[in-house]
Structure formats: structure tokens, C-alpha cells
Amino acid sequence: MNVDRVDRAIISELSQDSRLSIRELAGRVHISRTAAHNRVQRLIADGVLSGFAATVDRKALGLHVTAIVIVKVGDVVWSELAQALAELPYVENVQAVSGDIDFVLTVSAPDHERLSEVIMRQIHAMPGVASTRSYVVLDEHPGTAPGVMMDVWPIQTP
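Because the structure is predicted, anything quoted here is derived from the model rather than measured.

The rules behind the values
- For every chain, the first residue of the written sequence is number 1, and numbering continues from 1 along that sequence.
- For a predicted model such as this one, the threshold for reporting local features is a pLDDT of at least 70, and the threshold for listing and counting side-chain atom pairs is 80 or more; totals across whole chains, interfaces and linings nevertheless cover every residue.
- By convention in this description, side-chain values take in all heavy atoms of the structure and omit both hydrogens and water.
- Per-residue accessibility, obtained with a 1.4 Å probe over protein chains only, is compared with the maximum for each type, and a residue is labelled buried under 20%, exposed over 50%, and partly exposed between these values.
- For helices the rule is a DSSP run of H or I covering at least 4 residues; for strands it is a run of E covering at least 2, with both sets numbered from the N terminus onward.
- Arc definition: it is the arc formed by the directions from the helix axis to the C-beta atoms.
- By the convention used here, residues are in contact when the closest approach between their heavy atoms is within 4.5 Å.
- For two strands to count as paired, DSSP must find a minimum of two bridges between them.
- Between N-to-C directions, angles cover 0 to 180 degrees, with each direction set by a line fitted to C-alpha atoms, over the stretch in contact for helices.

**Student:** I'd love a proper account of helix H2 (residues 22-29), names of residues and values included.
**Tutor:** The set of residues buried in H2 consists of Leu-25, Ala-26 and Val-29. The arc that holds the buried residues of H2, viewed along the axis, is 100 degrees, so those residues lie on one side. Here the buried face of H2 lies against helix H1 (5-16) and helix H3 (33-45). Two residues or fewer past H2, His-30 is found with a positive phi of approximately 65 degrees.

**Student:** Could you give an account of the sheet that holds strand S1 (residues 65-73), naming the residues involved and the relevant values?
**Tutor:** In space, the four strands of this open sheet follow the order S2-S3-S1-S4, with antiparallel pairing throughout. Only two strands of the sheet have a single neighbouring strand rather than two, namely strand S2 (91-96) and strand S4 (129-136). Taken pair by pair, the neighbouring strands of this sheet meet at an average axis angle of 20 degrees, ignoring direction. Examined bridge by bridge, S2 and strand S3 (residues 103-109) share five bridges and lie antiparallel to one another. By the bridge assignment for S3, Val-91 is matched with Val-107. The sheet contacts of helix H4 (residues 78-86) involve S1, S2, S3 and S4, and relative to S2 the element is tilted by about 165 degrees. Against the sheet, helix H5 (residues 112-123) engages S1, S2, S3 and S4, with an angle of about 10 degrees to S1.

These figures come from the coordinates and say nothing about function on their own.
Okay, structure coming up:
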């Protein structure tokens, strides 16, 4: 799939505000509404745009403690363990990684007690989990989403 300058502009705009109407999107990227609609539909069909989501403030939901949890595993089917970890309460994200660790989890909980419950009792109790290390997040600053950095993207060639 070729992603051209206009596609990257569309992706950038939708990355910043996924609630944009086709009319507003077309105006921002300087194309017709029909062209904007067709391009968005193509980007969805090609899997470039895989969903539209809201940004959620954890603290506003009562999730006041976030930790990065490093998980090392033993003899286990990775995909099954990853799915089991992702289904735990308060686990936001599970990433399988290379190097001397196996999974990196983002876990947000209402308080330290519930965070500890998830890590010490639920994650550690899973078959195949050898060890964990936890790092409480003290401050967080969002980076630049892939769609926003459109000027530095190389144009894909088939």
C-alpha cells in the first residue's frame, strides 16, 4: 500500500482528533469531501487506520497509580500468557519484547494496595511467570503519535 503526502496528512489530522467530520478533515487537508471519504475508507480497508479511540485521563477515572511491570517468563506459550496478562484487571497494555526481559506491562490501579494485588498475587501466580520488576510512574508526558510526524515519514514504495 502506498501512503502518499495526502494520506499522511489525513492520518496526522485523525491522530490529533479522531472525531473530525469528513467535511472538517477535507478542509484541513485541502481535498474534496468525496476524496477525503474515499481515502479514509481505503486507509481503513488497508489496515493503516485500525480504529478510532478517545484519550482517557486515568486519574479522572480514579486510577491514581501507574506502574511499568517487567515480566520474565519460563517455559510457557507466550501468546497464551500474553492474553492471560492482558485480561487481568488494571492491565492496560502488554508488550512482548526482545532482550533479557520478556514482557513489559502498563498497569494502572486506584491505589498502591490494588496495584500490589495485581502484581504480587495475580501476575506472580500465573504459570510460567518467573519474576517481575515494577517501576512506579512518577510523571508522564505523551510523545508524538506516528500519524502526527508525517513530515519525517518516508514514502513507502511497493
